[in-house]
Structures are given as C-alpha cells and as structure tokens.
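# Commentary on secondary and tertiary structure
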Amino acid sequence: ADKPKVGLIMKSLSNEFFKQMKAGADDYAAKNADKFDFKAVGMKDERDFASQVDAVENFVTQKYDIIVVAPADSKAMVTPLAKAVKAGVKVINIDVALDEDAKKAAGVDLAFFGPDNREGAKLAGDALAKDLGKGGKVVVLEGNPEADNAKERAKGFADSIKAGGLQLLDSKTAHWETEEANTVMTNFLTKYHDIQGVMAANDSMVLGVVKALDAAGLSGKIKVVGFDNIPAVQPLIKDGKVLATVEQYGAQMAAMGIDYGLREMKGEKFTGWVKTDIKLVTK
Amino acid sequence: MSEKAETKSDVNRVRLVDTILRISMREAGVAIALVLLLIFFSAAAPYFATPENFLKIFVQTAINTVLASGMTFVILVGGIDLSVGSLLALCTVVGATIMIDPRLSPWQAIVLASFASMGVGLVLGALNGWICERWKLPSFIVTLGMLNVASGLARVVSDNSTITGLPQPFVDFGNLIFWGVLPSIFLIAIVVVLIGWFILKYTVFGRFVFAIGTNEEAVRLSGHTPRRYKIAVFAISGLTAGIAAMVYLLRLNVGSPVAGIGYELNAIAAVIIGGTSLSGGKGSIIGTLVGACILQVLSTGLQLLGADDNVKPIVIGAVIVLAVIGDSYRGKWLHILEMR
Amino acid sequence: MSEKAETKSDVNRVRLVDTILRISMREAGVAIALVLLLIFFSAAAPYFATPENFLKIFVQTAINTVLASGMTFVILVGGIDLSVGSLLALCTVVGATIMIDPRLSPWQAIVLASFASMGVGLVLGALNGWICERWKLPSFIVTLGMLNVASGLARVVSDNSTITGLPQPFVDFGNLIFWGVLPSIFLIAIVVVLIGWFILKYTVFGRFVFAIGTNEEAVRLSGHTPRRYKIAVFAISGLTAGIAAMVYLLRLNVGSPVAGIGYELNAIAAVIIGGTSLSGGKGSIIGTLVGACILQVLSTGLQLLGADDNVKPIVIGAVIVLAVIGDSYRGKWLHILEMR
Amino acid sequence: MHEVDLAHETENTILRLDKIGKRFPGVVALKDVSINIGRGRGHVLLGENGAGKSTLINLLGGVFKPDDGQIWFDGKRYEPRSPFEAFSAGIRIVHQELHPLSNLTVAENLLFESLPRRHGLVDYKQMNRRAAELLAEVGLDVAPTTQAGRLSVAQLQLLEIAKALCYESEFLVLDEPTATLTSKEVDRLFEILRRLRNRGVTTLYISHRLEEIFEVGDDVTILRDGQHVTTRPLAGLKIPEIVELMVGRTIANLNVFRKDSPVYGEALGVSGLKVTRSSPELSFSVGKGEIVGIAGLVGSGRTEVVRAVFGADLRAAGEIRVDGKMVEIKSPKDAVNAGLCLATEDRKTQGLMLDMTCAQNSTITDLRKISRNGLILKKVEDSNSRRLVQELRIKTPSIHQAVRTFSGGNQQKVVIAKWLFRGPKVLIFDEPTRGIDVGAKAEIYELVWKLAAAGKGILVVSSDLPELMGICHRIIVLSAGKIAGEVTREEFEESKILSLAYKEYSRVRES
Ligand SMILES: Nc1ncnc2c1ncn2[C@@H]1O[C@H](COP(=O)(O)OP(=O)(O)OP(=O)(O)O)[C@@H](O)[C@H]1O
Ligand SMILES: Nc1ncnc2c1ncn2[C@@H]1O[C@H](COP(=O)(O)OP(=O)(O)OP(=O)(O)O)[C@@H](O)[C@H]1O
Ligand SMILES: [Mg+2]
Ligand SMILES: [Mg+2]
C-alpha cells in the first residue's frame, strides 16, 4: 500500500525517442511492480511546455513521491519543479539538463541524469568529417530553434565542423519534421551543387533528407548523419544511405531515472551531471 | 399557519431553482455539461475532488479564459482571431525582456513590462482589425498572417531563447493565493471575464458588438460606423492576449517564443463550446468561461484518471463535439421550461 | 497588304491577351501576385528560375494542393474543415500499415492501402458532415473535435511510430517523372484539381455547392435537401485528405502519426488566397491551386534567397495578407477591363 | 352565420383545411382554422399583419408542420414534410420573403428546382433558352446570365414569380407578390393568373392591396388573429366591408388621406445629383411639412436615388441641403447627423437586426438617448420602446421578442419605429407599406401626415400609385433614372403619371 508512486513526464510520445523511453520505463516498472507504482505521461506538442507544467502539478496533486522528468524547456520547467521539490517530491531530471542559473535562482539543486547532446552530435559530425576528409562541404538541418537539445546538437555539429576542417554551406531549421526536412533538403540541392554531407539533428529529419537524395539520385553519394537511432533509419544505415546516427539509450535512461529516484528516497544524494551513455551507430 | 408558510417558502424555493435554471440555461446551457463532467471525475478520478485540485484547475484555466474572453468579442462581431497564440508569445518575450532589464528597479520593470505587453497586444490587435476593415478582408486570413508575423517577431525579439529571471515581487505575486482560495492568477482571469461580461451586457459598446454581429449593414444604415467598433474589438482581443501573456509570466515565470502555440484553437473552442455563435450576434462571455473550464477539467480529469496519452485526444475531441451537441438541445429545453 | 495582315494579327494578339487576362482575373485574380513573386525570386534568388526548381516546387505543392481542393468545396458551402491535417496523418499510417503487411503481395498491398486510405478519409469526412447536419452545428467545432480524434487514432494505429518499408513499386511510382517534366506526384494533384474544377463548373452537384453557400434556405425551399450535399462535401474533403495521404506516402515513403500537423491552416490559407470567400458561394478551385503555389513559391524562394529562419514567418505572414489585399482590388481592375 | 359554405364541397374541393392549429413560442399563429378551396377557383386570403396568412402558406409548403388538424389535398391526406413533397403533390408557392441565390445567374435561379442536364452535366444552353422564355413571360427585362445579386427587390420578386410558373402545377400560392411591383408588372401578373385559371389551376392569393383582389379572386377567406373569420364568394363584397371583417372595426379614412398641412421653407434640397458618373443629373427639393412622392417603374432608379441622397452608396456628384444649409454627406452617419433618415426597401437585410429584440432594434438609431456614460439604461430603453410599440401598434407579446418572429408588417413597423426614435428632420421612406395591412397602412399614413404637420420633410418612394396619390402633395416621376416630370396634387391622375414613367423607355424604343 505504501509503495512509492513514480511519475514519468516526457515530451511528445510521437517522437520515437520518447516512445522508446516509455517502453523501457514500462518494462522496468512491470518487472518491479512490487517496488513502486508507475505512470508515464507525454504531451501533445513538445513545444507546449505549459502542459508539462500542468502534468507536474497534477502529479503533485496526486501525491506522487517521485517525478522523473525530461523537461521540454530547461528554464521554464525549473519553477514548477522547484515547487514540487518544496512539496516533498523527489524530482529526477533526465534527458535535457535544467538550466543552472535558473536552478540557482529557484534555490534547488537537482542532479542531471542524461546524455551529452553536444558530445553526441559531435560524435556523428566527426564520423562525417572522417568520411569526407578536410574541406568537405556540408549542410545542417537543425531542430526547433528554441529547443535546448536542438541548440546543443547544433553546437556539437559546429564543433566537429571546426575540428574536422569542414566547410559549412548552410544551416536551416526543419523543425524536427520529415516533410519539412525533405523540402529544405530539396532546396539545398537546388542551391548548392557540391554538397557532400548532411548533418540532421534528428532521425525523423534524416528520413526526409534521404528521400530528397533518393529523388535526386544522390543517396549514398551524399553522406548523412542523424541522431536518435530510431528503428526507421536502421535499414537505411544498412543500405549505406545513412552514414551514422547516435544512440542515447532512451529506454535505459528512464529506468535509470526511476532507480535514482528510489535511491534518493532512501537517502542517497546525487549532484551534478551523471552522464548517460551515448554511442555512435554505424553500419 | 406554519404549514402555509412552509408551502409558500417551498414555492419560493421552486421558483428560485427555476429562475437559476433558466438563467444558467440562457447564459450558458453548456454548464450542464460541466456539471456532468465534474460529477463524473469526482466519482471516478482519485484526488480530483480536492480543494487543491480545483485551485490548480482554476490556475490552469486562467490563460485560456483570458484569451477566450477577447475572442468572444471577436466572434460576436462575426470575426475570428487566429493570432492570439502568437501574440501571447510575442507579449511574453517583450514583457520578460523588459522585466529583466538591469537598469530598471523591480517595480519599474514590472509596471513598464505590463504596459508594454498589453500595449503590443493592443496595437497589433488593432492592426488586425484595421487591415480587415480597410480592405474588407476576412479576419481569418488577416489574423493567420499575423499569427506568422507575431511568431517570427517573438523569435527575433527573444533570439529563440526562453527568458527567465523575472523580478521577485512579480514571481511572488504569481504565487499569491488570496484568502487561501483565490490564486492571484485566477483572480485576474475572473476580473477580465467580469469586465467583458459587463461591457457586453450593459454598455453601448456591447450593444454595438451584438448589433454588428447580427446585421452590420443595418447598423451602418442606422447612421453608425461599424468599422470603428470592429477595429476596437480586434484591439480588445489583442489586449487580452497581452494580459494573458502577463498571466503566463505570472504562472510560469518565463517568456518564450513558443509560448501559446495552438492556443488560438483552444480559445475558439472555449468560446464555441460556451454557446457563442460563430456567425456572430449571439453568445455570452459567461458561457466562454464555462467552455474554458470544461476543456481544462477534461484535460486534468483525464490525466488524474490515468488515461492513456493516445486515447486522451480522442476523448477530448469527442467530448468537445458532445458538449456542443448537448448545447444544441438547449433551445428545446428552454422552450419546455418557458412553456410550463 | 502585309502591313494590314500584321495589324490584324496584332489585334488578335491583343484580344487574346485581353481574354486571358480577363479569365485569369476572374478565375484567379491572385495569379498576379504569383507572377510578381515568380519574377521577384527569379531575379533575386540564385537557381530559382530553373526547370528543375519548378519541378521541385510542383512536387512540394502537391500535398497542400490536394488538401486545399477538398477544402475549397467545404468553404464554398460556407463550412470549414480543420480535421484534414490529422485525417492525413491517420490515413498515412493506415495506408502504410497495410502496405507493409507481409501477407500481401506488393500490388495487392498498394491497391488495398489506397482504398483503405481514401476510404478512411471519406468515411470520417462524411461523419464530420453528418454530425454538423444532424445537429446543425458549426463545422469549425465539429472538425476541431475530429482533429483531436483522428490524431489520437493515428497514434493508436501506428503505436506512435514512423512506418517505413513501403513496397518498391510504390516507391518507384513516387519517383516517376513523366516525359521528364511531370512528376507523378504533381500529376495526381493536377488530376484532383481538374476533377474538382470540372465538378464545380459543369455538374449539377457543383451548382448545388455554390447555391448552398449562397443561400441554403433558398435551396431548401426549391425542394432540395442541402443536408445531403453538405455531407457529400465534407466527405469529399475527407477523401482528398486520403488522397493527400497517398501523395505523402509517395513523396516521403513513410507513414507517421505526426504528419500533417498544421496542414489545415495551410490548406485554408491556399483556398482563401485563391479568392474563395469564407462565407461561401464564391470562389474557384483554380484560384486554390494558385494560392497553394504562392505559399510554396514563397517558402522555397525565401530559402534559396537565404532568408533567416526567424524572418521567414514574418515575410510569409506579410505576403499572405498582401496577396489578399491585392486580390481585393480585383473587382476594380476587372471593372476597368470590362469597361474598355 | 357568416360561414357561407361553398356548395361544391366534396368533389370540387381541391384543398381542405380541417381545424388547423400552429403555435410559436409566445404566439398562437393559427387556431382551429378550417377552409375549403374550390378546384380551379381564384381564392384570396386576407388578414391583418400577423393574422397567420404566411404561416398557413408555410404549412402548405412543407416549411412547418401543423400542431393540430389535418390537411386534405385532392381528396388525400396531405402532410408535406419538406418543400419537395409539396412540389411533388402539385403545390407551388411564391413566398413572401425572397430567397435569391445571389451568386448564381438569373437562369440558374429560375430553374434551380431541376436544372436541365445532359449526361449529368448542366445544360447551359437549354437552361438559358428556357429562362429567357420565362423572363419574357413575366416581363422581366434582364439577361438570363445576369447575377441574381444585381437585381433589385422588385426584379427579384418577378424572378420568384417566374420560378413558380416554370413547372406545371395544380395549385399556385402567391404570398404578397405585388408588394413591390408597379402597375405595369401587376397587370402582366394578373394576365398570367387569368391564363392559368383558364387552364384549371387553382390559385391562392395573398395581398394587402385590396383594390387588386377583385381581379384575381372568386372567393375570399379572411383570418383574424390566427382564427378563421369567413370564407365566401368575393362577388358583391365591398372594400370597407372586407376591411371591417379583417380588423374587426371600421376604419374611417381608408383611402382619404389628403389632409392639408402648410408647406414652408425647404427641408431637403438636392441639386445636381448624379448616382454614377454617367447617370443624368437630378435636382429636387422637399419642403417642410411637405410629402413628396417618387414614382416610377421597376428599376427606374428610385431606390438608387434615395440611397445616394442618404449616403448609403457613394454618389458621383451632387449637393444636398438640409434646412437650407449645405451638408456634407459621405456616409449614412453624416446623413443621420444632418437630420435625414431612410427606411430601406428591404427590411430583412438592411433594416433590422433580426435576431435582436424589438427594444434593441427600435433604439439602435440613437443610443445616446438611452445611455449615460456609455452604459445602457435598461428602463429608459424599455419605456421608449414600449411607447413606440404602442404608438405604431406593433403586435408583439413582448418588446423583448426577437423581431425575426414578427410578421412582415410588424417588422416594417419596427423599422419606422427606430427612425421615429431618432427624430429626424427629413424622413425618406422606400416602399414604406410593402407588406403592410390596411389597418396599419392607415396608421402609417396618419403618422406620415402627423410628421408632416410637425414640419418634417417627407420623401416617399412607392410602387403603389394610388397610395402616392393619396398622401402626397407632389409626385416626382422617374423614368430610366431621369426626372421625367413632376405632378402636383391638383393634376394627379394615374394615366398622366404612368405616361411620364414610360417616357424615357418609349423614347429608347423609338430611336
Ligand atoms: N418562425 C416563427 N417563430 C415564431 N413566431 C412566428 C414565426 N413565424 C411567424 N410567427 C408569428 O406567427 C404570427 C403569424 O405570422 P404570419 O407571418 O403568418 O402573419 P401574416 O398574416 O403573414 O402577416 P403579414 O401580412 O404581416 O405577412 C405572428 O404573430 C408571427 O409573429
Ligand atoms: N448592385 C447593383 N449592380 C448592378 N445593377 C444594379 C445594382 N442595384 C441595382 N441595379 C440596377 O439599377 C437599376 C435601378 O435600380 P433601383 O433599385 O434603384 O430601382 P427602383 O426604381 O427602386 O426599382 P425597384 O422597384 O426594383 O426597387 C435597376 O435596373 C437595377 O437592376
Ligand atoms: Mg405574411
Ligand atoms: Mg426600389
């Protein structure tokens, strides 16, 4: 009866990464059904963090003991989470780190359990740089410009462009979307005739990019790297249409978050950034 | 004697119930749907029927209520305003940017930011109205244009980042709960609703809003200038977007260029569920408040019930339609009531 | 002699130009805006004025064109359909799920998927119409409900994942370019537009669409049943959502529950920019095609021009409004032309 | 006693109404109405505004369902659930309220009930040819391809009539078809009706123009307050008798409105008015205390002229004086501020806010009078509205009733009420008695005269020539947009005015 209640708050479930995360968490919860009660929620639109705030508040209402959260906005989520902490809830921050200054201002100190998006992007970028060699010409497709992980990944790509001596032709957002990525890539192909590589900030956009290259008969010739390792790109990697993507182990991340939450309840204390695994996935 | 007195008071009570029923039916027939939802979730969802939960629902409803109040004016004159969501975003970043300006004292910053936020909303709202009227364009397309423009402006102003670090007095005010039951945020929303209700019900301006929505040409031929009132109505909608932005800042303490995405549809849904006619001329702002509450109760209730994320939109969509279907029988019910 | 002949052919040429001008003004006054945009981008943006680029723009416009064609019908009867975006999403996942079914041969799968996709669109579209008509509800709110329901269904059907691995013949057909200039995808869109144009212009059903949008009561008093036609119109809009879903699958080879988000506003924008009146009864599907092209040319042109991501929505919003402002002068221009 | 049973009951009765009742919220529109209508007869239905005539027609046409009673048509129970079923049964109706498809062409409007088709497509050629025939038959001189939205009210009325004629039917109902027509069109309509009756078609005819019913009717039924008063042959009946049956009291000054009021000064002066750049210049004036009529054929431009004066449409040129002072009129607002008002010819689309209450409609012209500091004073509003309702004898259960539910005549009175509330110096009435019953007409004439006596200038556009001749000091006759002449009361004569009205047209034909 007095099993702790654990709530997991994610971004959009129609994002495959979070779908994997939920599957992993559900799995973990089912295996440990005797240890805790579990509930996961996602949002309709991952930009609408107000509804994530609602979710936090609702979990507090329901007297949850642990909230594991992948914040939709690193700054905006601090205040409601700080309120939850003050209400006695253990808050575990996964996936995207809450903003340090904001945490300080709100007077909370929360550890972050999550991947280094910038490093991950750099892994992918480096793989591309290695393949193209110095002076390779690349374009970048960014995620939602205001999203924290999009910014981190853009920085990671920029890092590897600099380190690998690549030449950046253009960088535009396709808002994480397949169709828009297809359009943007198609237009890149019109504008630049010497593109050698593409860095896309997630795999949904990779799908659109590959299709644009297919249509132009360039797939395999122009190298593509992505992020997230969703099931749909795995065959593309096998076919050589995609050079590499980055796995950040979403399934484990949530389970780990829950675990850390349970440990904190027992009195352990975590601080700083507990980095989770990332891995470059290639053929 | 005492028996007689009792009967009389009974009769009075019946009359009172009758009157309340009639008025609530007329002002907001859809209140019935709200009551049904409340009963259902109170019975089915754990923690739903707690004071804290209602407090939270109040707070969560506030932004949509404020937006929908302005939207009610627009829809009453037969227009629509798709730009309120991105106007809200723009106003939050403008307000937040001013508030964190280090050159200003906290109070200066708060006052200035409030005026700026509402001012930006007001001006762009009026611009919406002016363009519609100057070239006789449908507000749907003009405000769709503004949706894009304001959202772009919000990104430019904020440079795509979330703005935090609002002054402490402001944050504190946002957390304030008057007399233990009335969150400051909800208070603002209620004040907006009451002002709107008063304007529509008792002022000459309100009369024009209804008259224009019913037959604009007749108003013109009666010697008035509908154009002016229509511009004013869009300005009001912009203003409420600015107020909603302040509410947003109070509630979330951050300004963001992606705040308010999709809020316009939510606001319109609240207005229509509340019984206001999309073709103009008929409706009430109390209905809008009820409509906004229905949407929020539904969303919170479903979450407390533990509904699956995929199923949630299906239920919400179905309930929206069911609510207006139920409302369509109001005429009949009212008729039966009046016939007695 | 030769001089005289020349003059005559000159006159003929002038007449031809005149006629084309007049017809294009009547059918799609906003074509002028499109031409202006084309001229501007051809001059300003590198690689814009190349055949391949136009080909690509054609392909990119296809989905919106198909959706907007159905939307034109709905708007002509005075309704609106907000559900097309999520219907598209639902239809893509239904179609893709069937297509990758290992028990079916590729061709079986393709045929079955096409029918299923269009069937789902048709049925849910008809349901939209039926609910609107059965309870006399505004289509705005009914289709807003359907937006939520269909999007939830799409998530449930696909279990939130992107579906890939469509049969090769299908993928190949999507890449096909007829006679080196006509991508199969665009061909579908054009066929849909032409059929729609023909129906509206020459069939009895088309007359009913215009008549109902003009004065539904009059149609009823003429002994007809507007309800039937209106349901049919929403069914058409659903059907085009199903067709657009197939186009989506052809173009991107993936089915996704988050496809089509916000497409409804794009489609509506295309229809209105194309000169169809939101209050119904006036408009043309050729205008809609032009409207869809304007939106895509703008977006592609801006990217080729290297416009900043934040500035893009501002320009797009402004041009949408400018296009309809320009169109509002059409009456005047047409008048001047006819007066000559 | 009154009930003179029309002998030919059974086999010769085409339509039998048996104890019909119909209620609307707050009103009993029809109660216990039983009528027999003989086959092939011209039957006239009379009654005051709101007596229930149109409601009865709507029951026949399948627009409403009766609450009580039965209808028998051609010996069979007749329960139409839609206009279509009425058509199929052979009943055709020209409704009182016009329902044009304004974005469609005239031809499409005419033949909309079943568009000529070939292989499922609209056969435009046949449609336009057929339409042209029908237009010629009713004397409507427009091309079949004209947009219906460009027609004037009177032209639309002719269109509706032509529509009813285009299919064979056994039973034709016309609900106030002549309200906006001038004598030229009326004559032609009667001609058509006579032809139809010779073919054995039964007609049911409603009108408030009592002079004309003798030309179209054999029998008459009179309704009062939703109840049947009498059905009897028309022959031998006189107008005053009919009126008495209709209103239940005698009306003294039925057709004698000529009262003299002193005319002094100039209330409204118009000089050099051009509606469009190419239209002819018009100049005229209306004195204080004077009632000036504008006569002319359908489409002669009467409405255009008064709308231009009022600023409802932009005019190309022209000066306007009110009370001798030049006024700048660019919009209705300017006009109203200058002391003008215009009761438009189409009350539904231009005059009233149908879904708002009588009180709200009657005070819309001057909200300052019922407000303080921008707040509406409900009591003041109600008392003002109540006063107007009484003054004009508007029939309504409550001033808080939506005017949509009012009968046509009562709606027209609300339009007049709203202008009386404003208290202008010059009143312009465009077809003020369109669809108004005799009793109310008399009241309106009385009112017009009273206003004139109070020193207001009054300009009346009307298609009802006897009416103009009855109330006006002077009649301006328009012909094809030009002033063809002016006739003063001493020279009033129908033929003279008509010949002026035809002047420009015959000139065109000659040349
Ligand atoms: N749709 C309706 N809803 C409510 N009341 C109505 C409706 N239609 C008619 N009425 C009422 O029924 C009564 C009869 O109206 P009806 O239109 O039949 O009168 P009428 O005899 O045709 O008058 P008029 O000569 O003015 O046209 C009136 O009191 C009117 O207000
Ligand atoms: N909006 C319009 N566009 C084109 N022609 C119009 C328009 N309105 C009116 N007309 C035409 O202008 C002429 C004058 O119309 P107007 O309504 O002033 O005539 P009227 O004398 O008042 O006749 P009625 O008895 O029909 O009211 C008519 O031939 C009419 O067809
Ligand atoms: Mg009537
Ligand atoms: Mg007229």
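Model, not experiment: these values are computed from the prediction. (Residues numbered from 1 in each chain as written. Chains lettered and ligands numbered in written order. Predicted model: local features only at pLDDT ≥ 70, side-chain atom pairs only at ≥ 80, totals over all residues. Heavy atoms only, no water.)

## Quick look at the overall build of chain A
- Each helix and strand counted, chain A has 10 helices and 12 strands in total.
- Dimensions of chain A along its principal axes, counting C-alpha atoms only, are 65 × 40 × 30 Å.
- Buried residues in chain A amount to 63% of all 283 residues.
- Sequence separation of at least 24 residues holds for 76% of the intrachain contacts in chain A that already meet a minimum separation of 6.
- When the accessible area of chain A is evaluated, it comes to approximately 10000 Å², of which 50% is carbon and sulfur surface.
- One way to put it: in chain A the 39 positive side-chain charges average out to a point 2 Å from where the 41 negative ones average out. (Helix = DSSP H or I, 4+ residues; strand = E, 2+ residues; numbered from the N terminus. Buried < 20%, exposed > 50% of the residue type's maximum accessible area, 1.4 Å probe, protein only. Contact = heavy atoms within 4.5 Å. Areas by Shrake-Rupley, 256 points an atom, 1.4 Å probe, with all protein chains shown as cover. Lys, Arg positive; Asp, Glu negative; His and termini not counted. Charge placed at Lys NZ, Arg CZ, Asp CG, Glu CD.)

## Brief notes about helix α11 (residues 226-252) of chain C
- Compared with the 39 Å implied by 1.5 Å per residue over 27 residues, the 39 Å span of α11 of chain C between its first and last C-alpha is a close match.
- Buried residues dominate α11 of chain C, accounting for 23 of its 27 residues. (Expected span 1.5 Å × (residues − 1).)

## Side note on the site of ligand 2
Residues and elements named next belong to chain D.
- Near ligand 2 you find 13 residues, and of these S152, G299, R302, T303 and E304 are the closest.
- At a separation of 3.2 Å, an oxygen atom of ligand 2 approaches a polar backbone atom of S300.
- With respect to ligand 2, the backbone of G301 contributes an N or O atom lying 3.0 Å from an oxygen atom.
- Starting from 630 Å² of accessible surface for ligand 2 in isolation, the protein chains cover 71%.
- Among the elements of the structure, α5 (153-165) and α9 (302-310) are those that each provide at least two residues to the shell around ligand 2.
- Here the shell around ligand 2 gets 3 residues from one element, more than from any other, and that element is α9.
- Of the residues contributing to the shell around ligand 2, the split by class is 3 nonpolar, 6 polar and 4 charged.
- Two domains each put at least three residues into the shell around ligand 2: domain 1 (2-100 + 151-247) and domain 2 (265-350 + 425-510). (Near = heavy atom within 4 Å. Polar contact = N/O pair within 3.5 Å; in protein donor to acceptor, adjacent residues only side chain to side chain. Nonpolar A, V, L, I, M, F, W, Y, C, P; charged D, E, K, R; others polar. Domains from an automatic or database assignment.)

## Points about the packing of helix α7 (residues 178-191) of chain A against helix α8 (residues 203-215) of chain A
Residues and elements named next belong to chain A.
- Axis separation between α7 and α8 bottoms out at 7 Å; the angle between their running directions is 40 degrees. With respect to α8, the element α7 is oriented oblique. Taken as a pair, α7 and α8 cross one another with a handedness that is right-handed. For the pair formed by α7 and α8, the contact residues are T178, A181, N182, M185, T186 and L189 on the first element and S204, M205, L207, G208, V209, K211, A212 and L213 on the second.
- Partitioning the contact of α7 with α8 into residue classes produces 8 nonpolar, 5 polar and 1 charged. (Axes fitted to C-alpha atoms, helices over the stretch in contact; angles between N-to-C directions. Parallel < 35°, antiparallel > 145°, perpendicular 65-115°, else oblique. Left-handed = near helix turned anticlockwise from the far one by under 90°.)

## A look at the layout of surface pockets
- Quantified by volume, the second largest pocket comes out at close to 550 Å³.
- Lining the second largest pocket are 23 residues, with E57 and K83 of chain A together with K56, V59 and I177 of chain B positioned closest to its centre.
- The element best represented in the lining of the second largest pocket is helix α2 (residues 49-61) of chain A, accounting for 5 residues.
- Tallied by class, the residues present in the lining of the second largest pocket amount to 14 nonpolar, 3 polar and 6 charged. (1 Å grid on protein atoms, 1.4 Å probe; cavity = no way out; pocket = protein on both sides within 12 Å on 5 of 7 lines; lining within 4 Å. Points joined across faces, edges and corners; volume = space filled by probe spheres on them.)

## Some points on the site of ligand 1
All names here are of chain D.
- Of all residues adjacent to ligand 1, which total 20 residues, the nearest are N49, G50, S54, T55 and T405.
- Note that an oxygen atom of ligand 1 is positioned 2.7 Å from one of the side-chain N or O atoms of N49.
- In the complex, the protein chains occlude 86% of the 630 Å² of accessible area that ligand 1 would expose alone.
- When contributions to the shell around ligand 1 are tallied by element, the ones reaching two or more residues are β2 (27-38), α1 (53-60) and α14 (408-422).

## Quick look at the coordination of the magnesium ion (ligand 3)
- Every protein donor of the magnesium ion (ligand 3) is listed here as S54 of chain D (OG) and Q96 of chain D (OE1), and their distances to the metal cover 1.9 to 2.1 Å. Within this pair, whereas S54 of chain D is found in helix α1, its partner Q96 of chain D is found in the loop between β6 (91-94) and α3 (106-110), the two being separated by 42 residues in sequence. (Donors = N, O, S within 2.8 Å, 3.2 Å for Na, K, Ca; no water.)

## What about the coordination of the magnesium ion (ligand 4)?
- The protein atoms donating to the magnesium ion (ligand 4) are T303 of chain D (OG1) and E345 of chain D (OE), with metal-donor distances spanning 1.8 to 2.5 Å. Note that T303 of chain D is positioned in helix α9 and E345 of chain D in the loop between β18 (340-343) and α11 (347-351), a separation of 42 residues in sequence.

## Description of the pairing of strand β7 (residues 167-173) of chain A
Residue and element names in this part refer to chain A.
- Where strand β6 (residues 137-142) lies against β7, 6 bridges are found, and the strand directions are parallel. Its bridge partner lying in β7, V140 is registered against S171.
- Taking the sense of rotation as the criterion, the β-α-β connection linking β6, helix α6 (residues 148-163) and β7 turns out right-handed. (Pairing = 2+ DSSP bridges. Right-handed = clockwise from strand over helix to strand, strands pointing away.)

## Overview of the arrangement of the chains
- If you rank the 5 pairs of chains in contact by how many contacts each has, first place goes to chains B and C.
- Without any contact between them, chain A and chain D keep their closest C-alpha atoms 38 Å apart.

## A few points about the side chain of T288 of chain C
- Among the secondary structure elements, T288 of chain C is positioned in helix α13 (residues 285-305).
- With sequence-adjacent residues up to four places away left out, T288 of chain C is seen in contact with A68, S69, T72, A270, V271, G274 and T276 of chain C.

## Details of the interface of chain B and chain D
- Between chain B and chain D, the residue contacts involve 23 residues of the former and 31 residues of the latter.
- Here chain B and chain D share 2 salt bridges between them.
- In this structure, E381 of chain D engages R207 of chain B in a salt bridge whose closest nitrogen and oxygen atoms are separated by 2.8 Å.
- Linking chain B with chain D are 8 residue pairs in polar contact (both at pLDDT 80 or more).
- Classifying every residue of the side of chain B that touches chain D gives 10 nonpolar, 8 polar and 5 charged. (Salt bridge = Lys/Arg side-chain N within 4 Å of Asp/Glu carboxyl O.)

## Focus on the packing of aromatic side chains
- Following the criterion strictly, the structure yields 36 aromatic pairs over all chains and no others.
- A centroid spacing of 6.1 Å and a plane angle of 45 degrees characterise the contact between F205 of chain B and Y229 of chain B, whose relative ring orientation is tilted. With F205 of chain B in helix α9 (residues 204-214) and Y229 of chain B in helix α11 (residues 226-252), this pair connects stretches of sequence that are 24 residues apart.
- Between the aromatic rings of F208 of chain C and F112 of chain D, the centroid separation amounts to 4.9 Å while the plane-to-plane angle is 65 degrees, which identifies the pairing as edge-to-face. Placement of F208 of chain C in helix α9 (residues 204-214) and of F112 of chain D in the loop between α3 and β7 (117-118) is noted, with the two residues assigned to different chains.
- Residue class for F208 of chain C comes out buried when judged on its relative accessible area of 3%. (Phe/Tyr/Trp six-rings, centres within 6.5 Å; stacked < 30°, edge-to-face > 60°.)

## Thoughts on empty space enclosed by the protein
- As enumerated under the stated definition, the model contains 9 cavities of 30 Å³ or more in all.
- Its boundaries defined by the atoms lining it, the second largest cavity holds a volume of some 200 Å³.
- As for the second largest cavity, its lining consists of 18 residues, of which L221 of chain C together with I93, H95, E160 and K163 of chain D are closest to the centre.
- Looking at the lining of the second largest cavity, the elements with two or more residues in it are α10 (216-221) of chain C together with α2 (83-89), β6 and α5 of chain D.
- Here the residues of the lining of the second largest cavity are counted per class, giving 9 nonpolar, 4 polar and 5 charged.

## Overview of the environment of V35 of chain B
- With respect to the element layout, V35 of chain B can be found in helix α2 (residues 31-44).
- Given a relative accessible area of 45%, V35 of chain B falls into the partly exposed group.

## Remarks on the interface of chain B and chain C
- Each partner contributes to the interface: chain B provides 37 residues, whereas chain C provides 37 residues.
- Both sides together, the interface formed by chain B and chain C hides about 3100 Å², and carbon and sulfur atoms give 81% of it.
- Between the two partners, chain B and chain C, sit 0 salt bridges.
- Here chain B is connected to chain C by 4 residue pairs in polar contact (both at pLDDT 80 or more).
- Mapped by element, the contributors of at least two residues to the side of chain B that touches chain C are α5 (106-134), α6 (139-158), α12 (263-273) and α14 (311-328) of chain B. (Buried area = accessible area lost by both parts, 1.4 Å probe.)

## Notes on the sheet that holds strand β1 (residues 5-12) of chain A
Residue and element names in this part refer to chain A.
- With parallel pairing, 6 strands are arranged side by side in an open sheet as β2-β1-β3-β4-β5-β11. Of all the strands in the sheet, the pair left with one neighbour each is β2 (37-43) and β11 (273-275). Across the sheet, the mean angle from the axis of one strand to that of its neighbour is 20 degrees, orientation sign disregarded.
- One ladder, built from 4 bridges, connects strand β3 (residues 66-69) with strand β4 (residues 90-94); its direction is parallel.

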